[in-house]
Amino acid sequence: MSGDGQTVVAADSKGAGLRGKLKKVVLAYSGGLDTSVIVPWLKENYGCEVVCFTADVGQGIKELDGLEQKAKASGASQLVVKDLTEEFVKDYIFPCLRAGAIYERKYLLGTSMARPVIAKAMVDVAAEVGADAVAHGCTGKGNDQVRFELTFFSLNPELKVVAPWREWEIQGREDAIEYAKKHNVPVPVTKKSIYSRDRNLWHLSHEGDILEDPANEPKKDMYMMSVDPEDAPDQPEYIEIGIESGLPVALNGKALSPATLLSELNTIGGKHGIGRIDMVENRLVGMKSRGVYETPGGTILFAAVQELESLTLDRESIQVKDSLALKYAEMVYAGRWFDPLKESMDAFMEKLTEKTTGSVTLKLYKGSVSVTGRKSPNSLYRQDISSFEGSEIYNQADAAGFIRLYGLPMRVRAMLEKGI
């Protein structure tokens, strides 16, 4: 690709092509050890000003007040913080929900959806502060490096990209701590988790430690968003999800904003042990990885939206929608959020689900979500037709001719085989 080739070559040659040529870099910053070390590393190796950027996508940022001081102590010129929670749910999560996008039968794309909203905000901040480059702390083994950089390419192909993990000599946590002390960077004193986690308002993922062996059962104390289904309440809870044009809008008759609705469902679903997924997935970079995901509110919403479609969509519409959902999920997982094909599928999904309005009642009980009722003013279900009682519209005698014609190809093949 024109413009992008320079970035790729620079990364492959350990950044030599860009060093000394950058003026200001916007860094995706969490305040943790890795990103704290990246700040002085960028200044030392690229000689550029570093602007740190922190996005709130519902992960629960702790000690936000001290984050700016920490960033500046690491050598950053400023810290920019943006609350992207409502945008994340409304413009990223809900389109995937409407599309029915699930990666490899299980994964509800929690991390995959969050990266483009963060990367888009980084491009915006780069324009606001006059930066000519962006940087991230993704490793060279994972999917996130691709998701960030494809978004950068799509929204501003002139921005240069720096990925320290693909360049530097730091190999692990001890190397990073040593580098931080050498450059007088305050080392975060938070206890290092044995798991690699990613959290946002949609989900919490767990990787690493004993999970690296797919044969090992996760430890009970690993989970953070949901109780063990065995310890969930002994009484089921019924909830009603209101839906308009394929998107959830209300809980138990009360209209809520997208982020508020999801947050409340996370609390309710977590209490009942809903939404735990343990899977081995195929990463974009070629390797398999084992991860455990907690998606309580998202699991409830998927059940509700898909169930309402059983009333409002005909057979062929559901079949085509489900087939496109596989490709849609694959594109989101691969970081192609702003790809024209994915945006075209969004237009299709929006049009197809415009009549998917109504409500679904669900029973939550010890890890399970069961549908107990569904209703829609646009329902294609007609009791007067489906009933075993007599119907003026459906004449059972008509079925005989339909079956003869529908089964004609099979009948002809059988005649051929028997020499008739």
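Residues numbered from 1 in each chain as written. Predicted model: local features only at pLDDT ≥ 70, side-chain atom pairs only at ≥ 80, totals over all residues. Heavy atoms only, no water.

As named in an unreviewed UniProt entry, the protein chain is argininosuccinate synthase, taken from Brassica carinata. Comment text from UniProt for the protein chain, heading Subunit (unreviewed entry), reads "Homotetramer." (UniProt positions renumbered as here; feature names shortened; annotations may be inferred.)

Another point: the side chain of Thr295. As for its placement among the helices and strands, Thr295 is situated in the loop between strand 12 (288-294) and helix 9 (296-312). The residues touching Thr295, leaving out its near neighbours within four places in the chain, are Leu108, Trp202, His203, Ile274 and Gly275. (Helix = DSSP H or I, 4+ residues; strand = E, 2+ residues; numbered from the N terminus. Contact = heavy atoms within 4.5 Å.)

A contiguous nonpolar patch, built from Ile385, Ile393 and Tyr394 and spanning about 290 Å² of accessible area, is present on the exposed surface. On the secondary structure map, Ile393 appears in the loop between helix 12 (383-386) and helix 13 (398-406). (Patch = residues over 30% accessible without salt bridge, like charges linked within 9 Å, V, L, I, M, F, W, Y side chains within 5 Å. Areas by Shrake-Rupley, 256 points an atom, 1.4 Å probe, with all protein chains shown as cover. Salt bridge = Lys/Arg side-chain N within 4 Å of Asp/Glu carboxyl O.)

Turning to its location among the elements, Val123 is positioned in helix 5 (residues 110-129). Under the relative-accessibility criterion, Val123 is labelled buried at 8%. Residues Val123 and Phe153, spaced 30 residues apart in sequence, show a C-alpha to C-alpha distance of 9.8 Å. Not counting the four nearest positions on each side in its chain, Val123 is found in contact with Phe152, Leu155, Asn156 and Leu159. (Buried < 20%, exposed > 50% of the residue type's maximum accessible area, 1.4 Å probe, protein only.)

What follows deals with the packing of aromatic side chains. Applying the stated criterion to the full structure yields 10 aromatic pairs. The interplanar angle of 40 degrees and the centroid separation of 6.2 Å between the aromatic rings of Phe148 and Phe152 together place this pair among those described as tilted. Pair noted here: Phe148 and Phe152 are both in helix 6 (residues 144-155), with a separation of four residues, about one helical turn. On the basis of relative accessibility, which here comes to 1%, the residue Phe152 falls in the buried class. Measuring from centroid to centroid gives 5.2 Å for Trp165 and Trp168, while their planes differ by 70 degrees, and the two rings are edge-to-face. (Phe/Tyr/Trp six-rings, centres within 6.5 Å; stacked < 30°, edge-to-face > 60°.)

Turning our attention to the pattern of salt bridges. All chains considered together, the criterion is met by 23 salt bridges. Between Asp91 and Lys90 there is a salt bridge, with the nearest N and O atoms lying 3.3 Å from each other. Linking Arg336 and Asp339 is a salt bridge whose minimum nitrogen-to-oxygen distance equals 3.0 Å. The exposure class of Arg336 is partly exposed, given its relative accessible area of 33%. Several salt bridges converge on common partners, so that one network encompasses Arg115, Asp144, Arg147 and Asp198.

We now examine the environment of Lys363. With respect to the secondary-structure elements, Lys363 resides in strand 13 (residues 358-365). Each C-alpha atom, one on Lys363 and one on Ser310, is 18 Å from the other, the two residues being 53 residues apart in sequence. With sequence-adjacent residues up to four places away left out, Lys363 is seen in contact with Pro236, Glu237, Tyr238, Ser368, Val369, Ser370 and Thr372.

Between helix 4 (residues 85-99) and helix 5, the shortest axis-to-axis distance is 10 Å and the interhelical angle comes to 135 degrees. When the interaxial angle is binned, helix 4 and helix 5 end up oblique. Relative to helix 5, helix 4 is oriented so that their crossing is right-handed. Contacts between helix 4 and helix 5 pair Glu87, Phe88, Tyr92, Ile93 and Cys96 from the former with Gly110, Met113, Ala114, Pro116, Val117 and Lys120 from the latter. When its residues are assigned to classes, the contact of helix 4 with helix 5 shows eight nonpolar, one polar and two charged. (Axes fitted to C-alpha atoms, helices over the stretch in contact; angles between N-to-C directions. Parallel < 35°, antiparallel > 145°, perpendicular 65-115°, else oblique. Left-handed = near helix turned anticlockwise from the far one by under 90°. Nonpolar A, V, L, I, M, F, W, Y, C, P; charged D, E, K, R; others polar.)

Another aspect to go through is the sheet that holds strand 11 (residues 276-282). The four strands are arranged 6-7-12-11 in an open sheet whose pairing can be described as antiparallel. Here the strands that pair on one side only, and so sit at the sheet edges, are strand 6 (196-199) and strand 11. Here the average twist between neighbouring strands, direction ignored, is 25 degrees. Bridging between strand 7 (residues 204-207) and strand 12 involves three bridges; their strand directions are antiparallel. Across the sheet, the residue bridging to Leu204 is Glu294, located in strand 12. (Pairing = 2+ DSSP bridges.)

Moving on to the nonpolar core. It is characteristic of soluble globular proteins that their nonpolar side chains tend to be buried jointly. Val26, Phe53, Leu109, Met122, Ile239 and Ile241 are the most contacted members of the largest nonpolar core, which totals 74 residues. For this core, the leading source of residues is helix 5, giving 11 residues. For Phe53, the residues in contact, after removing those within four places along its chain, are Val26, Leu27, Ala28, Tyr29, Leu79, Val80, Lys82, Ile118, Ala121, Met122 and Val125. Counting 29 residues, the second-largest nonpolar core is a separate cluster that includes Leu42, Cys52, Ile170 and Val185. (Core = buried A, V, L, I, M, F, W, Y, C linked by side-chain atoms within 4.5 Å.)

Moving on to unusual backbone geometry. At Glu104, a position not held by glycine, the phi torsion is positive, near 50 degrees. Inspection of the secondary structure puts Glu104 in the loop between helix 4 and helix 5. Of note in this structure, Arg105 is not a glycine but carries a positive phi near 75 degrees. As for its placement among the helices and strands, Arg105 is situated in the loop between helix 4 and helix 5.

Further remarks concern the side chain of Lys342. Mapped onto the secondary structure, Lys342 falls in helix 11 (residues 340-352). Apart from residues lying up to four places away in sequence, Lys342 is in contact with Tyr328, Met331, Val332, Arg336 and Trp337.

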